[in-house]
Structure formats: C-alpha cells, structure tokens
Amino acid sequence: MSEAAAVRCTTCPRECLLVPGKTGACRARVNVAGEVRPVNYGRLTSVALDPVEKKPLARWKPGSQVLSLGSYGCNLRCPWCQNHSISQAGQDDVPWREATPEDVVALAKRLALEDPRMVGVAYTYNEPLVSWEFVRDCGMLVHEAGMSNVLVSAGCVSEEVVQAVAPLIDAANVDLKSFSAETYEMLGGNLACVQNTIQLLAQTPTCHLEVTTLVVPGINDTDAEMDELSAWLASIDQDITLHVSRFFPNWQIRDRGPTPVARVYALAQVARRHLAHVYTGNC
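Now for a quick tour of the structure. Model, not experiment: these values are computed from the prediction.

## A few points about the packing of helix α2 (residues 101-114) against helix α3 (residues 132-144)
Consideration 1: Between α2 and α3, the shortest axis-to-axis distance is 9 Å and the interhelical angle comes to 45 degrees. Overall, the two elements α2 and α3 adopt an arrangement that is oblique. For the pair α2 and α3, the sense of crossing is right-handed. Seen from α2, the contacting residues are P101, E102, V104 and V105; seen from α3, they are F134, D137, C138, L141 and V142.
Consideration 2: Of the residues that constitute the contact of α2 with α3, the class distribution is seven nonpolar, no polar and two charged.

## A short note on the pairing of strand β7 (residues 65-70)
Consideration 1: Burial within β7 is extensive, with six of its six residues counted as buried.
Consideration 2: Taking every second residue as pointing to the same face, both faces of β7 are buried, with Q65, L67 and L69 on one and V66, S68 and G70 on the other.
Consideration 3: Across six bridges, the pairing between strand β6 (residues 46-51) and β7 is antiparallel. Counterpart to D50 in the pairing with β7 is V66.
Consideration 4: Sheet topology note: the β7/strand β9 (residues 118-123) ladder contains five bridges and is parallel.

## Focus: the packing of aromatic side chains
Consideration 1: For the structure on display, the rule yields two aromatic pairs.
Consideration 2: Pairing F179 with W232 gives two aromatic rings, centres 5.7 Å apart and planes at 45 degrees, and the pair type is tilted. With F179 in the loop between β11 (171-175) and α5 (181-187) and W232 in helix α7 (residues 223-236), the pair connects residues that are 53 residues apart, well separated along the chain. Note on accessibility: F179 and W232 belong to one class, buried.

## Side note on the pattern of salt bridges
Consideration 1: Scanning all chains against the criterion turns up twelve salt bridges.
Consideration 2: Linking R136 and D137 is a salt bridge whose minimum nitrogen-to-oxygen distance equals 2.8 Å.
Consideration 3: You can call R136 partly exposed: its relative accessible area is 27%.
Consideration 4: R256 is paired through a salt bridge with D255; the nearest N and O atoms lie 2.9 Å apart.

## Quick word on the nonpolar core
Consideration 1: If you look at the biggest cluster of nonpolar residues, it comprises 65 residues, and the most contacted ones within it are L176, I198, L233, L242 and V244.
Consideration 2: Broken down by element, this core gets its largest block of residues, six residues, from helix α6 (residues 191-202).
Consideration 3: Here V244 is in contact with T213, V215, M226, V264, L267, A268, V278, Y279, T280 and G281, once residues within four sequence places are set aside.
Consideration 4: In this structure, V119, A122, V150 and A171 belong to the second largest nonpolar core, which totals nine residues.

Calculation notes
Residues numbered from 1 in each chain as written. Predicted model: local features only at pLDDT ≥ 70, side-chain atom pairs only at ≥ 80, totals over all residues. Heavy atoms only, no water. Axes fitted to C-alpha atoms, helices over the stretch in contact; angles between N-to-C directions. Helix = DSSP H or I, 4+ residues; strand = E, 2+ residues; numbered from the N terminus. Parallel < 35°, antiparallel > 145°, perpendicular 65-115°, else oblique. Left-handed = near helix turned anticlockwise from the far one by under 90°. Contact = heavy atoms within 4.5 Å. Nonpolar A, V, L, I, M, F, W, Y, C, P; charged D, E, K, R; others polar. Buried < 20%, exposed > 50% of the residue type's maximum accessible area, 1.4 Å probe, protein only. Pairing = 2+ DSSP bridges. Phe/Tyr/Trp six-rings, centres within 6.5 Å; stacked < 30°, edge-to-face > 60°. Salt bridge = Lys/Arg side-chain N within 4 Å of Asp/Glu carboxyl O. Core = buried A, V, L, I, M, F, W, Y, C linked by side-chain atoms within 4.5 Å.

Read these as layout, nothing more, since geometry by itself doesn't imply function.
Written as structure tokens, this is what we have:
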C-alpha cells in the first residue's frame, strides 16, 4: 500500500499515519476508505451509576450521581493503569456492546426518573476522547434532555478536539500525570498538549474543572515537581481543584509498594502553597 493512500490522524500528538484498514496506537481510530474514524464509537465495555465524587469531582454537584460510560482504547501507555484491561484493549480483546447516543440518553432519563440524584452522563474509564465524536454526539443530546456532561480524561489530545467538546462539558477532571516532559514521553504523551487542554477547559465558562495527579513513587513524588505543578495550575486559576492521589501497584508496575500516606499528605501541603482547594485520594 503506497504512502499516498495513508491518512494522518490528528486527534492527538502521536499523529499516527494510517494506511487503509490500519488502526492507530490508541486502538480506537482506523483509516476507513481514506477517512480516520473512531472504530470504538458507541462500543461500551463499562456502564455504571457512580457518585460524582468517584470521578473524582469534589466541588461540583456533591451527592449527585452520573451514568458512567467507558469503551476501549487509549493513546497513552501508563504502566500503572488501573483500567488497563480496557484502555490497552482493541475491539477483539474485550467484550463490548453497541449503544447509540439516543440509547445513552434514554437510559440516563430512565435512571433520573428512578433516582433524582442522577444528573447526567460521564465519559470515563478508558480515554473517552479517542472517540471524541461519541462524546460530542451524546453531549448534545444530554444537554437537550436537560442533563449534564462529565469528562474524565488524560487530556492528551489536539486543540481542535478540545474545542469540539468543551462547550458541551459541564464538569471535567483531567489527569495531569506529571509535570515532566520526559515522563510524558515515557508514557507516549506530551506535557504541553495536556497543559493546553487544561488551559482551554479552564477558560470555558460553562465547565467546572478539577485536576488529578496520581503520585507514583520514583516517578513524580518530589516536592519540587509538585510545587511547580501546583504553581502552574494557580497561574491559570487559583480556584482549580487538585486531587493528590495515592498509587497502588498495578499492571506493569509491581516493583514498588503503594505511595506512603505521609508522602501524599506532604505533597498536598506543598500544593496548598498555591491552590485553595487540594484533596487527597486513595488514602
């Protein structure tokens, strides 16, 4: 197959060059007759009714619940991923069932009738923005139904993708994995790209933004890195909420123990030098 028949995917910084039939590094986007499409569109591997605090969102509609949806695929390769069974899977690796945006909204409406705490739909578990078109299409119908959209993402996507979905997102949690460009390179990502996503969402007046950093021993657990990370967030908006979360061994990282609780608390104190709203998680 000649390179002339290939198409470059612009969803994320990887910019995979895909010949017809070829799937990108995310395992979710494929060249179909010269057009890059999300092959995982509407393919749900995970469906649950979750409290918003689990997303985690600490300062948006506390006590409410959201219909949480996940598919398969991710453009990052975090070796500690707790959802690796779906994030690192392709269409033949994991069971899935198909749902249209209309199906999603119908389910959300039914759940809201059964429980008034149910306020909307969350796109989560794997990386939802590798199928940003599904987030967009569901998001429009969710808003038409008078409900809210929640995005949980690593945020390593192009500015065009963020601009396409940001006006539809009522609350977002972005996983800022490190404040080191080298660490992001190890994960197959790009720090500057994630920073841009955070800035764009923070500038979206209809979107409540929170950020999570999972503290992995030996990777991103120094006071200096947390100080730089939290100072940067504060330079955007001191009101941004930061979750400092404890790591537990998972997937490919089992050569170290959980993050010491004292280290999580200490790093949260470092972040409080700059931010008013800092929470600890998994402790």
